[in-house]
Amino acid sequence: MSLRRERDRSEKLLLNIMPSTVYEEWKQHGLAMPVKNEASVLMMDFVGFSTICMERDAAELIGDMNDIFAAFDKICEHFACERIKTLGDSYIAVSGLPVADSNHRENIARAAASFLHYIERRNLDAQHK
């Protein structure tokens, strides 16, 4: 049972650091071939996050960030983007990799606009509570 749990944990970690298509290729063949595609990258972080950290309860803040990043992940999936990394309040996503997509610019722009809309709506809901 312990071996299975460790394998699942390792797989989850690898899926967190590489796209699922790359992981599957690596798992099946022992390597993943490099891909050369045009892509668009979105990098964002929250303005004033350091101040927010000092004013908020850590557990509550972590819960909020998990909720926000989970929503961003769903938005990315909807617009054919993929989360590359989160670090603190930073979120990095890409469209056009590892699978080529001629609409990568539009996909990433729509995801970015949806991120902003989601945060604006979330902030308004929080003000009315």
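Described below are features of the structure shown in this document.

Rules used in this analysis
- Residues numbered from 1 in each chain as written.
- Predicted model: local features only at pLDDT ≥ 70, side-chain atom pairs only at ≥ 80, totals over all residues.
- Heavy atoms only, no water.
- Phe/Tyr/Trp six-rings, centres within 6.5 Å; stacked < 30°, edge-to-face > 60°.
- Helix = DSSP H or I, 4+ residues; strand = E, 2+ residues; numbered from the N terminus.
- Buried < 20%, exposed > 50% of the residue type's maximum accessible area, 1.4 Å probe, protein only.
- 1 Å grid on protein atoms, 1.4 Å probe; cavity = no way out; pocket = protein on both sides within 12 Å on 5 of 7 lines; lining within 4 Å.
- Points joined across faces, edges and corners; volume = space filled by probe spheres on them.
- Nonpolar A, V, L, I, M, F, W, Y, C, P; charged D, E, K, R; others polar.

### Quick notes on the packing of aromatic side chains
Both the distance between ring centres and the angle between the ring planes are used here to describe each pair of aromatic rings.
Right, on to step 1. Summed over the entire model, instances satisfying the criterion amount to seven aromatic pairs.
Right, on to step 2. Relative to Tyr-91, the ring of Phe-72 has its centre 5.3 Å away and its plane inclined at 85°; by these criteria the two rings are edge-to-face. With Phe-72 in helix H4 (residues 58-78) and Tyr-91 in strand S3 (residues 90-95), this residue pair connects regions lying 19 residues apart in the sequence.
Right, on to step 3. Look at Phe-72 and Tyr-118: their rings are 6.2 Å apart centre to centre, the planes differ by 75°, and that puts the pair in the edge-to-face class. Remark: Tyr-118 occurs in helix H5 (residues 104-127) and Phe-72 occurs in helix H4; sequence separation between them is 46 residues. Neither Phe-72 nor Tyr-118 differs from the other in exposure class; each is buried.
Right, on to step 4. Aromatic rings pair up to connect Phe-69, Phe-72, Tyr-91, Phe-115 and Tyr-118 into one cluster.

### A few points about the layout of surface pockets
Right, on to step 1. Computed from the structure, the largest pocket encloses a volume of approximately 510 Å³.
Right, on to step 2. Forming the walls of the largest pocket are 22 residues, and the residues nearest its centre are Phe-46, Ile-52, Ile-68, Ile-119 and Asn-123.
Right, on to step 3. For the lining of the largest pocket, the secondary-structure elements that each account for two or more residues are strand S1 (40-44), helix H3 (49-55), H4 and H5.
Right, on to step 4. With eight residues, H5 is the single largest residue contributor to the lining of the largest pocket.
Right, on to step 5. A breakdown of the residues in the lining of the largest pocket according to their chemical character gives 15 nonpolar, one polar and six charged.

Take it as geometry only, folks, not as evidence of what the structure does.
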